[in-house]
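# Topology and contacts: notes
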Amino acid sequence: MCSEMILADTAVLLVCAGNATRMGGIHKILHPLSDTTVLEKSLHTFSQCKAVSEVVVICRPQDEAAFQAIIQQMSIAVPITVAYGGATRQQSVTNGVAALQTDAAYIAIHDGARPLLRVEDAEKVIADAHTFGAATLGVPVKDTIKTVAEGVIVDTPPRSSLYHTQTPQVFARAAYLQAMAFAQAQGLDFTDDCQLMEAIHIPVMMTTGSYTNIKLTTPEDFATAEALLRYEQEREGSHNG
């Protein structure tokens, strides 16, 4: 759990408004995962962190009834609001910010398609954002990465400097609002929220997370997620034993 010294001053924006074009008709956020759903797994994780003051679930308008049905049957003390997504991820997050019900000092933005986020990793990246103003989860790359131009390798960047970026990405609210305003004024639209902060030259701390925090993108990812979930349950059992 989060330390008792940490205030409930972080609002979570759970982004679930994508069209999942690579999912072959599967609605990945509403899809079953073990004995729950992808949506419930993420909500349960954030409900266990004392730093979280509220959650805004951002979905497509046509999915609201299904999302509300799941949310209403959950026993979670953290307030949950539903907002509609926009045409792009950045617009969806903008709608989520507008739907915030508290004056939370920090905003944590998380992909709804990452249901295997560990509570301790969520707590760690939130704590780093409190210290540095901006932080994101990520993991060092395992493979050698090549830069390719027109089918030809032109560079091999040092692996030690490369990270797979994950979510949550957590920012001081005032700075994030400033970045949103800058992007809107400049006509910029990013797929990664860290890019907003980079655009106004605010450094973002890379918080090392877990390789299990995968993003569900294609149908076969669910088989991987089920296996990882069993691994996580065994891991938690061994820690509690």
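Check the entry above for the structure.
Throughout this description, residue numbers start from 1 for each chain and increase along the sequence as written. It should be noted that, the model being predicted, local features are given only for residues of pLDDT at least 70 and side-chain atom pairs only at 80 or more, the latter also being counted only at that level, while totals for whole chains, interfaces and linings use all residues. Hydrogen atoms and water are omitted, and side-chain values are computed over all heavy atoms in the structure.

Reading across from one edge, E5-E4-E1-E6-E10-E7-E11 is the order of the 7 strands in this open sheet, with mixed pairing throughout. The open sheet has two free edges, formed respectively by strand E5 (80-84) and strand E11 (205-208), since each of these has just one partner strand. Ignoring strand direction, the axes of neighbouring strands in this sheet form an average angle of 30°. Criterion used throughout: strands pair if DSSP finds at least two bridges between them. Numbering of helices and strands starts at the N terminus; helices are DSSP runs of H or I of at least 4 residues and strands are runs of E of at least 2. Of the pairings in the sheet, the one linking strand E7 (residues 134-140) to E11 comprises 4 bridges and is parallel in character. Bridge assignment links Leu137 to a residue of E11, and that residue is Thr207. Residues are treated as being in contact if the distance between any of their heavy atoms lies within 4.5 Å. Angular values range over 0 to 180 degrees, each being the angle between N-to-C directions of two axes fitted as lines to C-alpha atoms, with helices fitted over their stretch in contact. The sheet contacts of helix H2 (residues 64-72) involve strand E4 (52-59) and E5, and relative to E5 the element is tilted by about 170°. Packing of helix H5 (residues 173-186) onto the sheet brings it into contact with strand E6 (106-111) and strand E10 (163-172), and relative to E10 it is tilted by some 105°.

What follows concerns the pairing of E7. Within E7, 6 of the 7 residues are buried, leaving the element largely enclosed by the surrounding structure. Bridge analysis of E7 against E10 gives 6 bridges, and the strand direction is antiparallel. What sits directly across from Gly138, in E10, is Thr165. Residue exposure (1.4 Å probe, protein chains only): buried if accessible area is under 20% of the type maximum, exposed if over 50%, otherwise partly exposed.

Our focus in this paragraph is the nonpolar core. Ranked by internal contacts, the top residues of the largest apolar core, which has 39 residues, are Leu14, Leu39, Leu43, Phe46, Val52, Val55 and Val57. Breaking this core down by element, the ones donating at least two residues are strand E1 (10-15), helix H1 (38-47), E4, H2, E6, helix H4 (119-132), E7 and helix H7 (221-240). In this structure Phe46 touches Val12, Leu14, Val52, Val55, His110, Leu117, Ala122 and Pro168, once residues within four positions along its chain are discounted. Think of a nonpolar core as a cluster: buried Ala, Val, Leu, Ile, Met, Phe, Trp, Tyr and Cys residues, connected wherever their side-chain atoms sit within 4.5 Å. Grouped together as the second largest cluster of nonpolar side chains are 26 residues, Ile58, Ala134, Phe171 and Ala183 included.

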